Amino acid sequence: MTSFQTSDCRGCGKPIVWATTATSKIPLDPRAAVYVVDRAGMATRAPDGTFVTHFATCRDANKFTKSAETKASAQDEIDALREDLRKERDEVAKLREQVRRSKAPPSLFDRPAGDAS
Ligand SMILES: [Zn+2]
């Protein structure tokens, strides 16, 4: 009987089987059903020892890719830019209010205290 190196996925916790390719070590899903489909569309179960990559079945697969890190980093920058934009909008609103007040006709109630003119 063949023995596979197994462990639980650090993301989703499901069992995975480890195997090696010519260039890397890959996680496989021992539970996912795998089928062989012929040209007529007829499906039969794949032979024992056939697996689907766990990256296809793991709900946390995006945690293990470089693009996920890049996306997270890009999202941080987007959040920071949104915050900058919000602050600038507040500043623009204050300046607009300042302009509106300067243009508004003087009112008795706006005069500074002690201004007798
Ligand atoms: Zn997983």
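So, about the overall build of the protein chain. The number of helices and strands found in the protein chain is two helices and six strands. Each helix and strand of the protein chain, ordered N terminal to C terminal, gives the series β-β-β-β-β-β-α-α. Burial statistics for the protein chain: of 117 residues in total, 5% are counted as buried. Partitioning the intrachain contacts of the protein chain with sequence separation of at least 6 by distance along the chain shows that 33% fall at a separation of at least 24.

This brings us to the sheet that holds strand 6 (residues 52-53). The four strands lie next to each other as 1-2-3-6, forming an open sheet whose pairing is antiparallel. Each edge of the open sheet is held by one strand with a lone partner, namely strand 1 (5-8) and strand 6. Pairing between strand 1 and strand 2 (residues 15-20): four bridges, direction antiparallel. Pairing of D8 across the sheet is with P15, part of strand 2.

Parameters at a glance
Residues numbered from 1 in each chain as written. Predicted model: local features only at pLDDT ≥ 70, side-chain atom pairs only at ≥ 80, totals over all residues. Helix = DSSP H or I, 4+ residues; strand = E, 2+ residues; numbered from the N terminus. Buried ≥ 20, exposed ≤ 12 C-beta atoms within 10 Å, placed from the backbone. Contact = placed C-beta atoms within 7 Å. Pairing = 2+ DSSP bridges.

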